[in-house]
Amino acid sequence: LDISWFTDSMREGRPVAVETKHLIQDTLPEASTPTAVVSVSQYACQRRTTTENNNKTFTDAFEVLAERYELNEIEGPCLAFRRAASVLKSLPWAVRSLGATQDLPCLGEHTKSVMEEILQNGRSFEVERILSDERFQTLKLFTSVFGVGPKTADKWYRRGLRSFNDVLADSSIQLNRMQQSGFLHYEDISRAVSKAEARALRNIIDKAVHAITPDAVLALTGGFRRGKEFGHDVDFIVTTPEPGEEETLIPKVINRLTKQGILLYTEYQASTFDMSKLPCHRFEAMDHFAKCFLILRLEGSQVEGGLHIAEGDSRGWRAVRVDLVAPPMDRYAFALLGWTGSRQFERDLRRYARMERQMLLDNHALYDKTKKELLAATTEKDIFAHLGLEYIEPWQRNA
Ligand code: DCT
Ligand code: MG
């Protein structure tokens, strides 16, 4: 999880239309053009989106545009491009003409003009202008450092700093502990983590939690749970059936990893979760469960097929970003659903709950505003059922 973005992360945008369409993508003819009857929902949680993206040229362009708006803190258009990208990602066919998109939701004028440009020229001039823009390039570079969010990046940019050397040579800049680690392990943490590396880390965390509590529950979440081959970090949920015990689990794991000599960085946040304060009516970017943001040292000998490192790197280990979150067992399903992502899938689950069901969903709970009660769930399926949604498998949540 990109923790540095949280401090000023965005609120969800309000949808314009409140129309519900049904999920019938399963019935789409494979790899062909869409037929007239097909309707795609405006909500990502009513679409099945695998890691196979048939419209990468468009979605990559939309992502650049969304990032530009995000860095400039312009929410509406940022979200619009993210939504448009998400719709195209869900299509089992490639868009080859603008006409083919006429029944698709979430594609506005700006989006369509970018698509038209790409269809005609193979590229978008607006996107190319952004990519070659000095401010955009510098902000992207700075925010690629663990612990550097858009505010800090902008501050450095306005001071005239353009490179890491500029930042590190500026004596007036006090890097915090997270940023120091970010620079120290930059090469490693900016390199993608492979599935095999994620599995190796799972084994390490699994041993640690089970040595502490034999009946501990561990789940790999985030992008790897959605079947991605690579990720920027590895996300885990840990809990135990004994109420309250989950709060001490992470400090104990941290202790163990320290003794093993593999903890390169740790940022621990104790739980601020309070069941009596539920439901939460305003959107919060981060949940209240105990959690930690780690950098771990992963040995090559522990990874099947070896480490995902640069050729010529003979250290035999690499640094990897790992997040652990420890909800109480009765909150497990909500935390799992929230931490599995994707971000766009989560956004639309919450938006769907609010707009279509008068319910509030977050990583802690699901609240029915009509019945004025919190709804219980032990599995993700329970939550989808409460929402009246067809169950979407984790590997279909790559919205
Ligand atoms: N999440 C969310 N809202 C956010 C940030 C994160 O709902 N603002 C959820 C969705 C994914 C999960 O937390 C883990 O976050 P990341 O690791 O950033 O996402 P990821 O999908 O695992 O991406 P990657 O594969 O690059 O790690
Ligand atoms: Mg992740």
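Residues numbered from 1 in each chain as written. Chains lettered and ligands numbered in written order. Predicted model: local features only at pLDDT ≥ 70, side-chain atom pairs only at ≥ 80, totals over all residues. Heavy atoms only, no water.

Quick word on the overall build of the chain
Turning to step 1, where the next piece is worked out: Scanning the chain from terminus to terminus reveals 15 helices and 10 strands.
Turning to step 2, where the next piece is worked out: Taken over the C-alpha trace, the chain has a radius of gyration of 22 Å; the compact-globule value for 399 residues is 21 Å, and the two agree within 12%.
Turning to step 3, where the next piece is worked out: Judged by the C-alpha coordinates and their principal axes, the chain covers about 60 × 55 × 40 Å.
Turning to step 4, where the next piece is worked out: The buried share of the chain, reckoned over its 399 residues, is 52%.
Turning to step 5, where the next piece is worked out: Long-range pairs, those at least 24 residues apart, make up 68% of the contacts in the chain with a sequence separation of at least 6.
Turning to step 6, where the next piece is worked out: When the accessible surface of the chain is totalled, it reaches about 18700 Å², and 49% of it is carbon and sulfur.
Turning to step 7, where the next piece is worked out: Averaging the locations of the 52 positively and 56 negatively charged side chains of the chain gives two centres separated by 2 Å. (Helix = DSSP H or I, 4+ residues; strand = E, 2+ residues; numbered from the N terminus. Rg over C-alpha atoms; globule rule 2.2 N^0.38 Å. Buried < 20%, exposed > 50% of the residue type's maximum accessible area, 1.4 Å probe, protein only. Contact = heavy atoms within 4.5 Å. Areas by Shrake-Rupley, 256 points an atom, 1.4 Å probe, with all protein chains shown as cover. Lys, Arg positive; Asp, Glu negative; His and termini not counted. Charge placed at Lys NZ, Arg CZ, Asp CG, Glu CD.)

As for the coordination of the magnesium ion (ligand 2)
Turning to step 1, where the next piece is worked out: At 2.0 to 2.1 Å from the magnesium ion (ligand 2) lie its protein donor atoms, namely Asp233 (OD) and Asp235 (OD).
Turning to step 2, where the next piece is worked out: When its relative accessible area of 5% is taken as the criterion, Asp233 is described as buried.
Turning to step 3, where the next piece is worked out: For Asp235, a relative accessible area of 7% translates into the label buried. (Donors = N, O, S within 2.8 Å, 3.2 Å for Na, K, Ca; no water.)

Here we look at the nonpolar core
Turning to step 1, where the next piece is worked out: Counting 40 residues, the largest nonpolar core has Phe62, Leu88, Leu104, Phe142, Trp156 and Val167 as the members making the most contacts within it.
Turning to step 2, where the next piece is worked out: Listed by contribution, the elements that provide at least two residues to this core are α1 (56-71), α2 (75-89), α3 (109-121), α4 (125-131), α5 (134-143), α6 (150-158) and α7 (164-169).
Turning to step 3, where the next piece is worked out: Counting residues per element, this core draws most heavily on α1, which supplies eight residues.
Turning to step 4, where the next piece is worked out: Ignoring any residue separated from it by four or fewer positions in sequence, one finds Leu88 in contact with Asn53, Asn55, Phe58, Thr59, Phe62, Val95, Leu104, Leu107 and Met115.
Turning to step 5, where the next piece is worked out: Of all hydrophobic cores here, the second largest spans 34 residues; its members include Ala198, Ile262, Ala290 and Val303. (Core = buried A, V, L, I, M, F, W, Y, C linked by side-chain atoms within 4.5 Å.)

So, the site of ligand 1
Turning to step 1, where the next piece is worked out: In the vicinity of ligand 1 lie 16 residues, with Gly223, Arg226, Lys228, His232 and Asp233 positioned nearest.
Turning to step 2, where the next piece is worked out: One of the backbone nitrogen or oxygen atoms of Leu1 is found 3.1 Å away from an oxygen atom of ligand 1.
Turning to step 3, where the next piece is worked out: Protein contacts shield 86% of the accessible area of ligand 1, which totals 550 Å² for the unbound molecule.
Turning to step 4, where the next piece is worked out: Where the shell around ligand 1 is concerned, the elements lending two or more residues are α11 (222-225), α13 (332-340) and α14 (343-357). (Near = heavy atom within 4 Å. Polar contact = N/O pair within 3.5 Å; in protein donor to acceptor, adjacent residues only side chain to side chain.)

Concerning the side chain of Thr240
Turning to step 1, where the next piece is worked out: Tracing the sequence through the fold places Thr240 in the loop between β4 (234-239) and α12 (246-259).
Turning to step 2, where the next piece is worked out: Of the polar contacts made by the side chain of Thr240, one reaches the side chain of Glu245; its length is 3.2 Å.
Turning to step 3, where the next piece is worked out: Setting aside chain neighbours within four positions, we find Thr240 in contact with Thr213, Ala216, Glu245, Glu246, Leu249 and Met329.

Concerning the sheet that holds strand β8 (residues 359-361)
Turning to step 1, where the next piece is worked out: Strand order in the open sheet formed by three strands is β8-β9-β10, and the pairing between neighbours is antiparallel. Looking at which strands have only one partner, the edges of the open sheet turn out to be β8 and β10 (373-375). In this sheet, adjacent strand axes meet at a mean angle of 25° when their direction is disregarded.
Turning to step 2, where the next piece is worked out: Strand direction decides the pairing type here: strand β9 (residues 366-368) and β10, joined by three bridges, are antiparallel. Counterpart to Asp368 in the pairing with β10 is Glu373. (Pairing = 2+ DSSP bridges. Axes fitted to C-alpha atoms, helices over the stretch in contact; angles between N-to-C directions.)

Structural notes on the pattern of salt bridges
Turning to step 1, where the next piece is worked out: All told, the structure shown has 27 salt bridges when counted by the stated rule.
Turning to step 2, where the next piece is worked out: Here Asp154 and Arg135 are joined by a salt bridge, their closest N and O atoms 2.9 Å apart. Taken together, the residues span a long stretch of sequence, with Asp154 in helix α6 and Arg135 in helix α5 at a distance of 19 residues.
Turning to step 3, where the next piece is worked out: The class of Asp154 is buried, set by a relative accessible area of 18%.
Turning to step 4, where the next piece is worked out: On the basis of relative accessibility, which here comes to 24%, the residue Arg135 falls in the partly exposed class.
Turning to step 5, where the next piece is worked out: For Asp287, the salt bridge goes to Lys291, with nearest N and O atoms at 2.8 Å.
Turning to step 6, where the next piece is worked out: Assessed through its relative accessible area of 9%, Asp287 is described here as buried.
Turning to step 7, where the next piece is worked out: One connected set of salt bridges, linked through shared partners, spans Glu63, Glu70 and Arg82. (Salt bridge = Lys/Arg side-chain N within 4 Å of Asp/Glu carboxyl O.)

Side note on the environment of Lys155
Turning to step 1, where the next piece is worked out: Take Lys155: it is sitting in helix α6.
Turning to step 2, where the next piece is worked out: Distance from Lys155 to Leu139, taken between C-alpha atoms, is 9.7 Å for residues 16 residues apart in sequence.

Some remarks on α6
Turning to step 1, where the next piece is worked out: Within α6, the full set of buried residues consists of Pro150, Thr152, Ala153, Asp154, Trp156 and Tyr157.
Turning to step 2, where the next piece is worked out: Summarising the contacts, the buried residues of α6 are in contact with α1, α5, α7 and α8 (177-184).
Turning to step 3, where the next piece is worked out: Phi for Gly160, located one or two positions after α6, is positive at around 95°.

Describing the packing of aromatic side chains
Turning to step 1, where the next piece is worked out: In this structure the tally under the stated criterion is 11 aromatic pairs.
Turning to step 2, where the next piece is worked out: Residues Phe142 and Trp156 carry aromatic rings whose centres are separated by 5.5 Å and whose planes lie at 80° to one another, so their mutual orientation is edge-to-face. Separated by 14 residues along the polypeptide, Phe142 in helix α5 and Trp156 in helix α6 bring together distant segments of the chain. Like Trp156, Phe142 is buried.
Turning to step 3, where the next piece is worked out: Judged by centre distance (5.1 Å) and plane angle (80°), the rings of Phe384 and Tyr391 are edge-to-face.
Turning to step 4, where the next piece is worked out: Clustering of aromatic rings is evident, with ring pairs tying together Phe142, Trp156, Phe164, Phe183 and Tyr186.
Turning to step 5, where the next piece is worked out: The ring centre of Tyr69 lies 4.6 Å from the NZ or CZ of Arg68, which sits over that ring.
Turning to step 6, where the next piece is worked out: Above the plane of the ring of Trp317 lies Arg315, whose end atom (NZ or CZ) is 4.7 Å from the centre. (Phe/Tyr/Trp six-rings, centres within 6.5 Å; stacked < 30°, edge-to-face > 60°. Lys NZ or Arg CZ within 6 Å of the ring centre and 35° of its normal.)

Looking at the confidence of the model for the chain
Turning to step 1, where the next piece is worked out: A residue-level look at the chain finds 91% of positions with pLDDT of 70 or above and a mean pLDDT of 92.
Turning to step 2, where the next piece is worked out: Considering each helix and strand of the chain separately, the mean pLDDT is smallest for α6, with a value of 97, and largest for helix α15 (residues 380-386), with 99.
Turning to step 3, where the next piece is worked out: Under a pLDDT of 50 for its full length, residues 7-32 has, in the predicted model, 61 contacts with residues more than four places off or in other chains. (pLDDT = per-residue confidence, 0-100.)

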